[in-house]
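# Geometric and topological summary
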Amino acid sequence: MTAADQELHFADAGEAADLAAFLARLIHYDRAAAVRLQAGGGVLAVFGRPPSFEVLAIRTARLEAIIGTDTTTATTATTAGAAGAAGAAGAAGAAGALDTTVSAGELGDALDTARAGRTADGHEVRDRGLVVTVPKAVTGPPWAGVLPPRGGWRRVSGLPGVDEVHGAVAAAVAEFRARDAELPEERRTRAERDRIGHEIWSRTLGDTGLPLRAVHAAQSLGFLRPVRAAAPAATSAGAGGGVATATPGPTAEPLALLAAGGWLRLRTPYGSIAVRTSGLSGLSVTPA
């Protein structure tokens, strides 16, 4: 059975809509973007890599079932919740689970088609599930084979508050634009702008060791927006503490920083940003 023979039964259409918005942001940075999907234990984890930031972005959504041509995997979406980073798919090795790399655009189209098909009277019902066919697999980019650990995450102290995090990103963007504007015309080249960007976005957030580019990516992908009021989200105990679901409750923890196996992960109520703490390539970025 191939991934394209399978259907994902989302537990909540609102989470599916948020996933579609996440995919659209990835495509904004790379029209040919691919995403790796891992599902199991009632959770779908979607991994993407926006090229401008040199980070991994992870989004999760609860599933009711994964159904294929020769097997049906019932899940426990109401209790599984959304798990953290690669740990979100810690059950991916279980029977009937999914692990594949697909086109972000094709997955986004499949979500949009499914959502359009269930819209009634011009209003989408967000608290009911959604069935989406998994697109055919594509050859995965190199990053898709190097994901964060599934477990062993520990909390890192020293992460500033939400306001301070927003302020750090705003200050970095302002500095980039000011230094870019000061460049004489003959030096206003892509190479020079990339040099400035690498210098600024490689700085760390306070004493945490987290590169500023990770926080900038979280903001640009919509992970740092205010938490909307909703029913409290269930979480999984995997991965050293799960990420809140795509529709977090009002008591969801705003931000947390975790570390495991040479990775740092900024966890937010809407997803995670993970970076390797060694072997990172150069950064080429223009602030959004």
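Note that the coordinates shown come from a computational prediction; the quantities given were computed from them, not determined experimentally.

When its secondary structure is counted, the chain shows six helices and 11 strands. Within the chain, counting contacts between residues at least 6 apart in sequence, those at least 24 apart form 71% of the total. For the chain, the exposed area adds up to about 12,100 Å²; of that, 51% sits on carbon and sulfur atoms.

All right, on to helix α6 (residues 212-220) then. Buried residues dominate α6, accounting for eight of its nine residues. Every buried residue of α6 is accounted for by Leu212, Arg213, Ala214, Val215, His216, Ala217, Ala218 and Ser220. Summarising the contacts, the buried residues of α6 are in contact with α1 (13-29), α4 (162-182), α5 (190-201), β10 (263-268) and β11 (271-276). At the exit of α6 stands glycine 222, carrying a positive phi of roughly 85 degrees.

Within the largest apolar cluster, 59 residues are counted, with the highest numbers of intra-cluster contacts made by Phe10 and Leu111. Here this core takes seven residues from α1, the largest share from any one element. Apart from the residues within four sequence positions on either side, phenylalanine 10 is in contact with Ala16, Leu19, Leu44, Ala61, Arg62, Leu63, Glu64, Leu111, Gly129, Leu130 and Val132.

By secondary structure assignment, the location of histidine 9 is in strand β1 (residues 7-10). One polar contact links histidine 9 to glutamate 7, side chain to side chain, over a distance of 3.4 Å. When sequence neighbours within four positions are dropped, the list of residues in contact with histidine 9 reads Leu63, Glu64, Ala65, Ile67, Leu130 and Val131.

Running from N to C, α4 and α6 point in directions that differ by 100 degrees, and their axes come no closer than 10 Å. In terms of axis orientation, α4 runs roughly perpendicular to α6. Of the residues in α6, those in contact with Val165, His166, Ala168, Val169, Ala172 and Val173 of α4 are Leu212, Val215, His216 and Gln219. A per-class count over the contact of α4 with α6 returns seven nonpolar, three polar and no charged.

On to the pattern of salt bridges, then. Under the definition given, this model contains 15 salt bridges. Residues arginine 193 and aspartate 180 are paired through a salt bridge, measuring 2.8 Å at the closest nitrogen-oxygen approach. With arginine 193 in helix α5 and aspartate 180 in helix α4, this pair connects stretches of sequence that are 13 residues apart. On the accessibility criterion, arginine 193 (23% relative accessible area) is partly exposed.

Moving on, we come to the pairing of β10. Counting buried residues along β10, six of its six residues qualify, which places the element largely inside the surrounding structure. Side chains Trp263, Arg265 and Arg267 of β10 all project onto a buried face; the interleaved residues Leu264, Leu266 and Thr268 project onto the opposite face, where all are buried too. When strand β9 (residues 256-260) meets β10, the two strands line up antiparallel, connected through five bridges. Across the sheet, residue alanine 259 finds its bridge partner in β10, namely leucine 264. Connecting the antiparallel pair β9 and β10 is a turn made up of two residues, with glycine 261 showing a positive phi of about 50 degrees. When β10 meets β11, the two strands line up antiparallel, connected through six bridges. From the neighbouring strand, arginine 265 faces β11, where its bridge partner is alanine 274. Between the end of β10 and the start of β11, which pair antiparallel, lie two residues.

Here we take up the packing of aromatic side chains. Following the criterion strictly, the structure yields two aromatic pairs and no others. Geometrically, the ring pair formed by phenylalanine 22 and phenylalanine 223 is stacked, given 5.8 Å between the ring centres and 25 degrees between the ring planes. Here phenylalanine 22, found in helix α1, pairs with phenylalanine 223, found in the loop between α6 and β9; they are 201 residues apart in sequence, far enough to count as distant. Here phenylalanine 22 matches phenylalanine 223 in class, with each residue buried. Judged by centre distance (5.2 Å) and plane angle (80 degrees), the rings of tyrosine 29 and phenylalanine 53 are edge-to-face. Taken together, the residues span a long stretch of sequence, with tyrosine 29 in helix α1 and phenylalanine 53 in the loop between β3 (43-48) and β4 (56-67) at a distance of 24 residues. In this structure, tyrosine 29 and phenylalanine 53 share a single accessibility class: buried. The ring of tyrosine 270 carries arginine 225 above its face, with NZ or CZ at 3.7 Å from the centroid. One cation-aromatic arrangement involves arginine 265 over tryptophan 153; the distance from NZ or CZ to the ring centre is 4.4 Å.

Cut-offs used in this document
- Residues numbered from 1 in each chain as written.
- Predicted model: local features only at pLDDT ≥ 70, side-chain atom pairs only at ≥ 80, totals over all residues.
- Heavy atoms only, no water.
- Helix = DSSP H or I, 4+ residues; strand = E, 2+ residues; numbered from the N terminus.
- Contact = heavy atoms within 4.5 Å.
- Areas by Shrake-Rupley, 256 points an atom, 1.4 Å probe, with all protein chains shown as cover.
- Buried < 20%, exposed > 50% of the residue type's maximum accessible area, 1.4 Å probe, protein only.
- Core = buried A, V, L, I, M, F, W, Y, C linked by side-chain atoms within 4.5 Å.
- Polar contact = N/O pair within 3.5 Å; in protein donor to acceptor, adjacent residues only side chain to side chain.
- Axes fitted to C-alpha atoms, helices over the stretch in contact; angles between N-to-C directions.
- Parallel < 35°, antiparallel > 145°, perpendicular 65-115°, else oblique.
- Nonpolar A, V, L, I, M, F, W, Y, C, P; charged D, E, K, R; others polar.
- Salt bridge = Lys/Arg side-chain N within 4 Å of Asp/Glu carboxyl O.
- Pairing = 2+ DSSP bridges.
- Phe/Tyr/Trp six-rings, centres within 6.5 Å; stacked < 30°, edge-to-face > 60°.
- Lys NZ or Arg CZ within 6 Å of the ring centre and 35° of its normal.

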